[in-house]
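# Topology and contacts: notes
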Amino acid sequence: MSPPGRPWWRRLTAVVVGWVWLVVVEPVRDGRVHVRNGPPGLTAIVALAALGYLVAGALVVLARPIRDAGALVTEANGLVVLPELSLAPLLLVLVLALTLLVTAALHTHWLLRTGAYLLFALPSLLIGVLAFPGLGVSALLPALVALVGLAVLMLVRRRRRFAWPEVLWVGGLVALGVLVPLVLQQQSIRSIGPDVRALQVNLVFTLVAQVALPAVVIGGAALAEVAVRAGAWGVSVVRTETPRRWWVLPASAVVVAAAAWAVWLVLQEPLSVAFSALPLAVGLLALLAMQALRRRGDPVGPEDLVEEWPRLLTPLAVVTVLGGWAASLGPVAEELGVGRWSPLGDLPTLTFSRLAVAGVCLVLAVAWSGAGERVRPTLLVAFAAVMLNSSGLFAALPVSWSGDRLAAAVALVAVLLLAGFALTRSLSSRRATACVLMAALSGCFALRQVLADPISWLLGFSALALTLFGLVWRLLSDATWTRADTPAFPQPARVLLFWGYALLAVTSLAFVALGRQLGGPADVTPFTELGDHLFGTPVFLAAVLGCLWQCVHRGAAVVPDVAEELAD
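I will try to describe carefully the structure that is included in this document. Because the structure is predicted, anything quoted here is derived from the model rather than measured.

Definitions and limits used
Numbers given for residues are sequential positions, taken from 1 along each chain in its written order. Residues qualify for local features only when their pLDDT is at least 70, as the model is predicted, and side-chain atom pairs are given and counted only at 80 or more; totals for whole chains, interfaces and linings, by contrast, use all residues. Side-chain descriptors were evaluated using all non-hydrogen atoms of the structure, hydrogens and water having been removed beforehand. Only DSSP runs of H or I reaching four residues or more are called helices, and only runs of E reaching two or more are called strands; each is numbered from the N terminus. By convention in these notes, a salt bridge is any Lys or Arg side-chain nitrogen within 4 Å of a carboxyl oxygen on Asp or Glu. Only protein chains enter the calculation, and the probe is 1.4 Å; a residue is then buried if its accessible area is under 20% of its type maximum, exposed if over 50%, and partly exposed in between. In these notes, a set of buried Ala, Val, Leu, Ile, Met, Phe, Trp, Tyr and Cys residues joined through side-chain atoms within 4.5 Å is what counts as a nonpolar core. Every residue pair with non-hydrogen atoms within 4.5 Å of one another is taken to be in contact. Multiplying 1.5 Å by the residue count of a helix minus one yields the expected span of that helix. Inter-axis angles, ranging from 0 to 180 degrees, are taken between N-to-C directions of lines fitted to C-alpha atoms, where helices are fitted over the stretch in contact. Roughly parallel refers to an angle under 35 degrees, roughly antiparallel to one over 145, roughly perpendicular to one between 65 and 115, and oblique to any angle outside these ranges. Should the near helix be turned anticlockwise from the far one by less than a right angle, the crossing is left-handed, and should it be turned clockwise, the crossing is right-handed. Polar here means any residue outside two lists: the nonpolar Ala, Val, Leu, Ile, Met, Phe, Trp, Tyr, Cys and Pro, and the charged Asp, Glu, Lys and Arg; Gly therefore counts as polar.

## Here's the deal with the environment of T74
Note that T74 resides in strand β1 (residues 72-74). Sequence spacing of T74 and L199 is 125 residues, and the spatial spacing of their C-alpha atoms is 8.2 Å.

## Digging into the pattern of salt bridges
The full count for this structure, using the stated rule, is 10 salt bridges. Of the charged contacts, one joins E308 and R311 as a salt bridge, the two residues approaching to 3.0 Å between their closest N and O atoms. Note that E308 and R311 are positioned in helix α13 (residues 302-328) at a spacing of three residues, about one turn of the helix. Close ionic contact of E373 with R376 constitutes a salt bridge, the shortest N to O distance being 2.5 Å. Under the relative-accessibility criterion, E373 is labelled partly exposed at 26%. Each member of the salt-bridge network shares a partner with another, and the members are E26, R29 and D30.

## A word on the nonpolar core
Core analysis: the largest hydrophobic core is formed by 149 residues, its most contacted members being W309, W499, F535 and F540. It is helix α21 (residues 491-515) that contributes the most residues to this core, 16 residues altogether. For W499, the contacting residues outside a window of four places in its chain are V33, V46, A49, A50, Y53, L100 and L475. L22, V23, L223 and W473 belong to the second-largest nonpolar core, a separate cluster that totals 12 residues.

## A closer look at helix α9 (residues 222-241)
Across its 20 residues, α9 extends 28 Å between first and last C-alpha, which sits within 8% of the 28 Å expected from 1.5 Å per residue. Burial within α9 is extensive, with 17 of its 20 residues counted as buried.

## Focus on unusual backbone geometry
Here R425, not a glycine, exhibits a phi torsion of approximately 60 degrees, which is positive. For R425, the location among the structural elements is in the loop between α17 (403-423) and α18 (429-446). Residue class for R425 comes out exposed when judged on its relative accessible area of 81%.

## A short note on the environment of A215
By the element assignment, A215 lies in helix α8 (residues 197-219). According to the relative accessible area criterion, A215 is buried, its value standing at 14%. Placed 312 residues apart in sequence, A215 and F527 show a C-alpha to C-alpha distance of 9.5 Å. Excluding anything up to four places from it in sequence, A215 contacts L471, Y501 and A505.

## A word on the packing of helix α4 (residues 84-105) against α21
For the pair α4 and α21, the least separation of the axes is 8 Å and the interaxial angle reads 155 degrees. By the criterion of interaxial angle, the relationship of α4 to α21 is roughly antiparallel. Our pair here, α4 against α21, has a crossing hand that is left-handed. Between α4 and α21, the residues in contact are S86, L90, V93, L94, L96, A97, L98, L100, L101, T103 and A104 and A493, L496, L497, W499, G500, Y501, L503, L504, T507, A510, F511 and L514, respectively. Split into classes, the residues belonging to the contact of α4 with α21 amount to 19 nonpolar, four polar and no charged.

Fair warning: the whole summary comes from geometry, so function is off the table for now.
Here is the structure:
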């Protein structure tokens, strides 16, 4: 608790400043890219990448006035309409993204080099093929020269250290393969053939968007992570700065507000709220089973879960996206007479893939729990519970589930636990704080999309705002892995890969905003909602499971130590 005698306004200022620091400033400070000790030229390259990111972000935010300011380039069927003013910056940022990705791959594993080569080869050849009717062989020549040059460069530089001129060499080859055919085609439009620039750009970004999907899915979990941080550190800061005799007032306000909202939602959709509590029950049973087998270990706090979750996000997101791609091939397989490959008979492919992922996560959780770990098993149990409910296994039931309904169920559980402990005279300070934290987490999680409301008002589309928020938050707070340096994956390659992939994702979003492609084949925004659903809900559920375990565990405090964090 805070020392006595401080004016109320000083306490309020300390609460606000401490909360903002712990929720926003500290994650950015600890998670941003660091290149101070990098090789010569790397800092300038990062600055150029940051400038490109600002340009792409400005294209997203200013898409509406840009469309109104000048001529539009239209596809033959009229489905894609792009502002002519945006083509140059959009393609330049795309070239920069491909340049950074290919340069990063020069010094990594051959699989990553092959993937980067194909990522450049497919768009460049596609642009050349589409420009072929108007330009003839000269449309394909730049792409072929660029591909041969890049292959030679990869062979020559594969065993050497990073050098900043590599970015110039790769950038020249990428520009040769992507931009030159477009420039030549533009010069010959009036005299030779139709304007196919909109078609070219649309097909290129339809291809690029598939590669950017994992980044968008991971970005979808950003709102939930910020919400969990806000709830956990909010309770901790208020508890620290409020005199002990007054702590019951804000705690009661949080519980009453969460309970009122939960009761209102239950009255509206009682069956759906009950069904949405299934992941909570499954996760709690699995966690209790693991703890019973392990018979040791302390419970985990929300801050530990939020810090560890980004390390698990990338492999889980990639596996989930690959499962979605496999599910999309199911109808094709049926048309070809192959049938569904699901080992569970008539079970849909998507259902089987999500159940398989959930099963693997539970096995890993048990194995890591047996090795003495606490954080990763809790997260994997929560993720498996969410995947189980999202698998479609219960699609025949006349109810649906969502994260908001789960939050309502959590709020009700917190209130019932408080009442039960009070009636049985077993309400300790630790249990009361755990229940208050559950109520705060449920409220912050339910209100998580409020964080993106200012961007939604500016853009006019909430889907674009949510996606942009997630991508920017990941850029600012998810780069800790770029600080490592190993012979197989040196730090310059990590930094360039991080920035190149971030640019690829935000450029794909800029194309969607400029072309008003919401719902089109290149639209990446639905995957933000998928990421929030599949990867944002587990971190909230894991934090709640940690609080529930605190109610039965004779261990340390439930909330993080504010003084320790601010002192770091």
